Amino acid sequence: MIANRKEEHIRIAEKNEVNASHNYWDDIVMVHRSIPEVDYNSIETNMDFLGTVIDYPILISSMTGGTELARKINRNLARAAEKFNIPMGLGSMRAAVEHRELGDTYSVINDFKIPVKLANIGAPQLIEQDKKPLTEKDLDYLIDLIGAKFLIIHFNFLQEMIQPEGDRNAKGVLKRVSEIAESYPVIAKETGAGFSRDDINDLIDSGVKAIDVGGLGGTSFAAIEYYRAEKTGDMEKTRAGTTFWNWGVPSPVSIILASGRIPVIGSGGLRNGLDLFKAISLGAMAGGFARTLLEGADDSYETVEMNIRTIIREFKIGMMLTGTRTMGEARTRSRIIKGELKDWTDGYVG
Ligand SMILES: Cc1cc2nc3c(=O)[nH]c(=O)nc-3n(C[C@H](O)[C@H](O)[C@H](O)COP(=O)(O)O)c2cc1C
């Protein structure tokens, strides 16, 4: 059941328009330097990712596991993570707890030397729903399965609200995250609806090691669930999917709110290396790409490699044309914030 749903998510994300209507990265303009005084060949993109040196500030964001298709995608993404020496997250690993025989659709990534592997579980699964919550023993199993350095806890209550089989309870979730963060290195992650100021304050207090903002502007899970509801003729959920298609906090806003206070992964709607550069300029330590890296990932490793190679090139061109040589300098570049994003940064009070 979960496995079918996961496969459906991938197919829908590949074939349909699932993006939010507005991409907020378009509201940031980096200021050009026509006299950059940098040698392109001396540009350095290596950096410290929560204690591990990686070659580029790129995270392959959590997407999949639990099916044959997922195994193929995870293998291709993992090979690229090794090639570029960058971190990789897996999709929700709940299926591996419930069906141990599916474990190798995740652990397939162990065939590759990946600097940082991130296990992934949904916040709703940590508290009482129709099913019993996951235990520490379950978390240990998931972390050991892939040799993860971090446990991502993802927040997806927008999706839970729209999907037919969604978990409806969020009461007590923060306390549970705090308890888990005492014993495990946790990264808190949204899945396309971003974190507000209050969320970020709560998460910093909870003791998580980093925040992956997963903000509004890219993949919309209300949109993905809209297509699933449409297929089954569920008018109520189809309507709710449309109504909440653009719900959330824009990715750049969440980054601005969190950066300097806790390590931040900028994600949600990153399409290319220039978007990545914009995220870093706002103070993110790295950027996370999901749907952009899904393209062709079920087909061939070469497509993934070319995709990441292009992102890196664009990122470095952005560095060059703003007179930026190091990652430290990248976080201080001049930029203009305009349009809907400016409405947010000017108008977000309370
Ligand atoms: C097909 C698909 C499956 C996803 N599954 C998960 C998941 O299991 N766990 C998770 O934390 N995020 C999941 N995500 C969310 C992404 O990691 C990311 O936060 C979101 O898609 C926004 O990034 P994007 O605009 O680059 O796609 C999934 C995204 C896609 C497209």
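Everything quoted here is computed from the prediction, not taken from an experiment. Counting from 1, residues in each chain are numbered in the order their sequence is written. Local features are withheld for residues below a pLDDT of 70 in this predicted model, meaning they are given only at 70 or higher, and side-chain atom pairs are given and counted only at 80 or more; totals for whole chains, interfaces and linings count all residues.

**Quick look at the overall build of the protein chain**
Okay, so step 1: Each helix is a run of H or I in the DSSP string that is no shorter than four residues. Each strand is a run of E no shorter than two, and both are numbered from the N terminus. Along its length, the protein chain carries 16 helices and 12 strands.
Okay, so step 2: Taken over C-alpha atoms, the radius of gyration comes to 19 Å for the protein chain, in line with the 20 Å a tight globule of 350 residues would show.
Okay, so step 3: For the protein chain, the C-alpha atoms occupy an extent of roughly 60 × 45 × 40 Å along the three principal directions.
Okay, so step 4: When each of the 350 residues of the protein chain is scored for burial, the buried share is 48%.
Okay, so step 5: By the criterion used throughout, residues are in contact when their C-beta atoms, derived from the backbone, lie within 7 Å. Contacts in the protein chain between residues at least 24 apart in sequence constitute 78% of all its contacts with a sequence separation of at least 6. Between the two quantities, the radius of gyration covers C-alpha atoms and the globule rule is 2.2 Å times the number of residues to the power 0.38. Exposure criterion: with C-beta atoms placed from backbone coordinates, a residue whose C-beta has 20 or more other C-beta atoms within 10 Å is buried, one with 12 or fewer is exposed, and one in between is partly exposed.

**Things to note about the nonpolar core**
A general trend in soluble globular proteins is that nonpolar side chains are found buried together.
Okay, so step 1: In plain words, the nonpolar core is the set of buried Ala, Val, Leu, Ile, Met, Phe, Trp, Tyr and Cys residues that C-beta atoms within 7 Å link up. By size, the foremost hydrophobic cluster in this structure holds 98 residues, and its most contacted members are Leu 77, Ala 119, Leu 151 and Ile 211.
Okay, so step 2: Of all the elements, helix 2 (residues 68-84) adds the most residues to this core, at 7 residues.
Okay, so step 3: Contact partners of Ala 119, with chain neighbours within four places excluded, come to Leu 90, Met 93, Leu 142, Ile 143, Ile 146, Ala 148, Leu 151 and Ile 152.

**Considering the site of the ligand**
Okay, so step 1: The rule is simple: place the C-beta atom from the backbone, and if it lies within 6 Å of a molecule or strand, the residue is near it. Surveying the vicinity of the ligand reveals 27 residues, the closest of which are His 154, Gly 218, Thr 219, Ala 290 and Arg 291.
Okay, so step 2: Elements supplying a minimum of two residues to the shell around the ligand: helix 1 (2-15), strand 7 (150-155) and helix 13 (291-294).
Okay, so step 3: Residues are grouped as follows: Ala, Val, Leu, Ile, Met, Phe, Trp, Tyr, Cys and Pro are nonpolar; Asp, Glu, Lys and Arg are charged; all remaining types, including Gly, are polar. Its residues assigned to classes, the shell around the ligand comprises 8 nonpolar, 17 polar and 2 charged.

**What about unusual backbone geometry?**
Okay, so step 1: Although it is not a glycine, Leu 50 adopts a positive phi angle of roughly 50°.
Okay, so step 2: For Leu 50, the location among the structural elements is in the loop between strand 2 (47-49) and strand 3 (52-54).

**Quick word on the packing of helix 9 (residues 221-232) against helix 10 (residues 235-243)**
Okay, so step 1: To define axes, lines are fitted to C-alpha atoms, for helices over the stretch in contact only, and angles between the resulting N-to-C directions are given on a 0 to 180 degree scale. Interhelical geometry of helix 9 versus helix 10 gives an angle of 160° and a closest axis separation of 8 Å. One way to sum up the angle between helix 9 and helix 10 is to call them roughly antiparallel. Judged by the twist between their axes, the crossing of helix 9 over helix 10 is left-handed. Side by side, helix 9 and helix 10 meet where Ala 222, Ala 223, Glu 225, Tyr 226, Ala 229 and Glu 230 of the first sit next to Lys 237, Thr 238, Gly 241 and Thr 242 of the second.
Okay, so step 2: Tallied by class, the residues present in the contact of helix 9 with helix 10 amount to 4 nonpolar, 3 polar and 3 charged. Working definition: roughly parallel below 35 degrees, roughly antiparallel above 145 degrees, roughly perpendicular at 65 to 115 degrees, and oblique for all remaining angles. With the far helix as reference, a near helix turned anticlockwise by less than a right angle produces a left-handed crossing, and one turned clockwise produces a right-handed crossing.

**A closer look at the pairing of strand 10 (residues 264-267)**
Okay, so step 1: Going residue by residue along strand 10, you find Val 264 and Gly 266 tucked away on one face and Ile 265 and Ser 267 tucked away on the opposite face as well.
Okay, so step 2: Pairing between strands is defined by DSSP: at least two bridges between the two strands are required. Summarising the sheet, strand 9 (residues 210-212) and strand 10 pair through 2 bridges and their orientation is parallel. Looking across to strand 10, one finds that Asp 212 is bridged to Ile 265.
Okay, so step 3: When the strands point away from the viewer and the path from the first strand over the helix to the second turns clockwise, the crossover is right-handed. In terms of handedness, the path from strand 10 via helix 12 (residues 273-281) over to strand 11 (residues 286-289) forms a crossover that is right-handed.

**Describing helix 5 (residues 136-146)**
Okay, so step 1: Among the residues of helix 5, Leu 139, Leu 142, Ile 143, Leu 145 and Ile 146 are the ones counted as buried. Each buried residue of helix 5 sits inside an arc of 155° when the element is viewed along its axis, so together they form one side. The exposed set on the far side of helix 5, more than 90 degrees from its buried face, consists of Glu 136, Lys 137, Asp 140 and Asp 144. Directions pointing from the helix axis toward each C-beta atom define the arc.

**Description of the environment of Asn 19**
Okay, so step 1: Within the secondary structure, Asn 19 sits in the loop between helix 1 and strand 1 (28-30).
Okay, so step 2: Considering only alpha carbons, one finds Asn 19 and Gly 218, 199 residues apart in sequence, at a separation of 4.9 Å.
Okay, so step 3: Not counting chain neighbours up to four residues away, the residues in contact with Asn 19 comprise Gly 218, Thr 219 and Ser 220.

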